[in-house]
Amino acid sequence: MKITGIIAEYNPLHNGHRYQLQQARAASHADLVIVCMSGNYVQRGEPAILDKWTRAQLALSNGADMVVELPFASAVQPAERFADGAVKLLAALGCQTLAFGSEYPTFDYQQVGQQILALKVKSQTFIDYQKTYATQLNEFYQAELNLNLDQPNHLLGVSYAVANAQLEVPMQLLAIKREQAQHGDQTIGAGQFAASASAIRQAATKGDDWAQLAPVMPHSTLTALQTQSHLDWDQLWPLLKYRIESTPLAQLRQIYQMSEGLEYRFKKVIHSVNQYVELLQALKTKRYTYARLRRVCLYVLLNIQQADIEQSLAQRPIHLLGFNQVGQAHLHTLKKTLDQPLISKVSAKLGAEEGPLGLEVRVDRLQEQFGWQSQNFARQPIFDQGKDDEHC
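Residues numbered from 1 in each chain as written. Predicted model: local features only at pLDDT ≥ 70, side-chain atom pairs only at ≥ 80, totals over all residues. Heavy atoms only, no water.

Chemist: Which residues make up the overall build of the protein chain, and what are the values?
Modeler: Within the protein chain, the regular secondary structure consists of 18 helices and 10 strands. Against the globule reference of 21 Å for 392 residues, the protein chain gives a C-alpha radius of gyration of 20 Å, in line with a compact fold. Among the 392 residues that make up the protein chain, the fraction classed as buried is 53%. Long-range pairs, those at least 24 residues apart, make up 74% of the contacts in the protein chain with a sequence separation of at least 6. When the accessible surface of the protein chain is summed, it comes to about 17500 Å², and 50% of that surface belongs to carbon and sulfur atoms. Each charge class in the protein chain was averaged separately, 36 positive and 37 negative side chains, and the resulting centres sit 4 Å apart. (Helix = DSSP H or I, 4+ residues; strand = E, 2+ residues; numbered from the N terminus. Rg over C-alpha atoms; globule rule 2.2 N^0.38 Å. Buried < 20%, exposed > 50% of the residue type's maximum accessible area, 1.4 Å probe, protein only. Contact = heavy atoms within 4.5 Å. Areas by Shrake-Rupley, 256 points an atom, 1.4 Å probe, with all protein chains shown as cover. Lys, Arg positive; Asp, Glu negative; His and termini not counted. Charge placed at Lys NZ, Arg CZ, Asp CG, Glu CD.)

Chemist: Any chance you could break down the packing of helix α5 (residues 109-119) against helix α6 (residues 133-145) for me, citing the residues and the numbers?
Modeler: Close contact between α5 and α6 brings their axes to 12 Å; oriented N to C, the two are set at 100°. Taken together, the axes of α5 and α6 lie roughly perpendicular to each other. Side by side, α5 and α6 meet where Q115, I116 and L119 of the first sit next to F140, Y141, E144 and L145 of the second. (Axes fitted to C-alpha atoms, helices over the stretch in contact; angles between N-to-C directions. Parallel < 35°, antiparallel > 145°, perpendicular 65-115°, else oblique.)

Chemist: Tell me about the nonpolar core, and please be specific about residues and values.
Modeler: Formed by 81 residues in total, the largest nonpolar core has its most connected members in F72, L240 and L279. At eight residues, helix α15 (residues 290-302) tops the list of elements feeding residues into this core. Beyond its immediate chain neighbours, meaning those up to four positions away, L279 contacts W237, L240, I244, V269, I270, V273 and C297. Listed in part, the 37 residues of the second largest apolar core include V67, A99, I200 and L213. (Core = buried A, V, L, I, M, F, W, Y, C linked by side-chain atoms within 4.5 Å.)

Chemist: Can you break down the environment of L119 residue by residue, with the values?
Modeler: Inspection of the secondary structure assignment puts L119 in helix α5. The class of L119 is partly exposed, set by a relative accessible area of 30%. Setting aside its immediate chain neighbours within four residues, L119 contacts F140, E144 and L145.

Chemist: Run through the pattern of salt bridges, naming residues and quoting values.
Modeler: A complete count under the given rule lists 12 salt bridges for this structure. With a shortest N-O distance of 3.1 Å, E46 and R44 are connected by a salt bridge. Here R44 falls in the partly exposed class, since its relative accessible area comes to 30%. A salt bridge links E245 to K241; its shortest N-O distance comes to 3.4 Å. Of this pair, E245 and K241 both sit in helix α11 (residues 233-246), four residues apart, roughly one helical turn. For E245, a relative accessible area of 34% gives the class partly exposed. Via salt bridges that share partners, R44, E46 and R201 belong to a single interconnected network. (Salt bridge = Lys/Arg side-chain N within 4 Å of Asp/Glu carboxyl O.)

Chemist: Tell me about the pairing of strand β2 (residues 32-38), and please be specific about residues and values.
Modeler: Counting buried positions along β2 gives seven out of seven residues, so the element sits mostly inside the fold. Burial along β2 is two-sided: L32, I34, C36 and S38 and V33, V35 and M37, pointing in opposite directions, are all buried. Pairing of strand β1 (residues 3-8) with β2, which is carried by six bridges, proceeds in the parallel orientation. Across the sheet, residue G5 finds its bridge partner in β2, namely I34. Here five bridges tie β2 to strand β5 (residues 66-70), and the two strands are oriented parallel to one another. Note on β5: the bridge partner recorded for C36 is V68. (Pairing = 2+ DSSP bridges.)

Chemist: Which residues make up the packing of aromatic side chains, and what are the values?
Modeler: Inspection of every chain in the model, using the stated rule, returns nine aromatic pairs. On the numbers, 5.6 Å between centres and 65° between planes, the contact of F100 with Y160 is edge-to-face. Residue F100 is found in strand β6 (residues 97-102), and its partner Y160 is found in helix α7 (residues 152-165); the two are separated by 60 residues along the sequence. Residue class for F100 comes out buried when judged on its relative accessible area of 3%. Summarising the aromatic geometry, the rings of W233 and Y276 are spaced 4.3 Å apart at their centres and angled 10° between planes, so their arrangement reads as stacked. Here W233, found in helix α11, pairs with Y276, found in helix α14 (residues 276-283); they are 43 residues apart in sequence, far enough to count as distant. The pair W233 / Y276 is uniform in exposure class, with both members buried. Of the aromatic side chains, those joined through ring pairs into one cluster are Y41, F72, Y256 and Y299. (Phe/Tyr/Trp six-rings, centres within 6.5 Å; stacked < 30°, edge-to-face > 60°.)

Chemist: Break down the environment of Q281 for me, with residues and values.
Modeler: With respect to the helices, strands and loops of the structure, Q281 is situated in helix α14. In this structure Q281 comes out as partly exposed when scored by relative accessible area, which is 49%. The spatial distance from the C-alpha of Q281 to the C-alpha of V269 is 10.0 Å, given a sequence separation of 12 residues.

Chemist: Pulling in residues and values, what's your account of the packing of helix α13 (residues 262-269) against α14?
Modeler: Two quantities define a packed helix pair, namely the angle between the axes and the distance from one axis to the other. Close contact between α13 and α14 brings their axes to 10 Å; oriented N to C, the two are set at 130°. The angle between α13 and α14 places the two elements in the oblique class. The two elements α13 and α14 meet at a crossing, and its hand is right-handed. Across from R265, F266 and V269 in α13, the residues of α14 making contact are L279, A282 and L283. Residue composition of the contact of α13 with α14, by class: five nonpolar, no polar and one charged. (Left-handed = near helix turned anticlockwise from the far one by under 90°. Nonpolar A, V, L, I, M, F, W, Y, C, P; charged D, E, K, R; others polar.)

Structure, rendered in structure tokens:
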């Protein structure tokens, strides 16, 4: 069986994602497409616009055969750590090909992954506090390999390549050209088939022009956005402000990625800001990207510490969110060969504080407080028997 993996957030799933799923299957001649999808929080440090179960169903309705959850410990991380967790997970599930979107589909990611691995780059190499880590890393790659990571998906693709090169049996990398919309575009052009997820989230949050969204996404995504509640930082801001104000400095220092005295900056600015955006602007320095600061804010809100991340990564849980008949057949094989826990039902033991899904249960409680259905307990993997979704 030819198995292709895709790493995704589907925040939310739109026509560009559907196109990628179709192209990945066709180009790799895949019998099975497995999606490793971020759970209820995404890499940029915010809650997903739709819950993980809804997004898993959308993936299955639009070309995926199996969807598994990328744990929080890997999902809410910078590119290299995000990639490392997702690539290892897909490799464990038997994927021979890894497909991803790129602004440079002809770029030789396979070779560059090996070249970067040979450089043995250490994070301690980058200690210029007047530049972000990402900027210093890009400058290093430019100097050593004449490699310019000037586009977000290109950076992710290279991160996938490096993680893949470290596997005992690397997967074949398949870059698929992004069509029409680029990452981070803030507008939806008239007559466009595809739009960026950022533009879609912005329009969906306003909720005043669904006709604009209809042409750029499957009908099922549009319906989900219209009928389900959305959770964002505007709603979470009072809780975050309270957490920063009420947490003693010594405890704030223990938050994951709260390094280089950043906790003092949080305490210094929190009383002078009244919105989440204002907090980010007050915290921003040349050393930190906004993405890094958003992630740290999320870690503060959820009280994530180094031990929480280490424990989750060590247990390597694979939480099954959904599958179809093709995926079901592969699951029977996996049960005989997989050397890490494949979880289809979250029991009290699995979801306990020290259990393999303890961190997921804990962080997902927040969404449940805002009206989302139970995100772990009493949930079964989705079994999809339907045909591909149709566009509006």
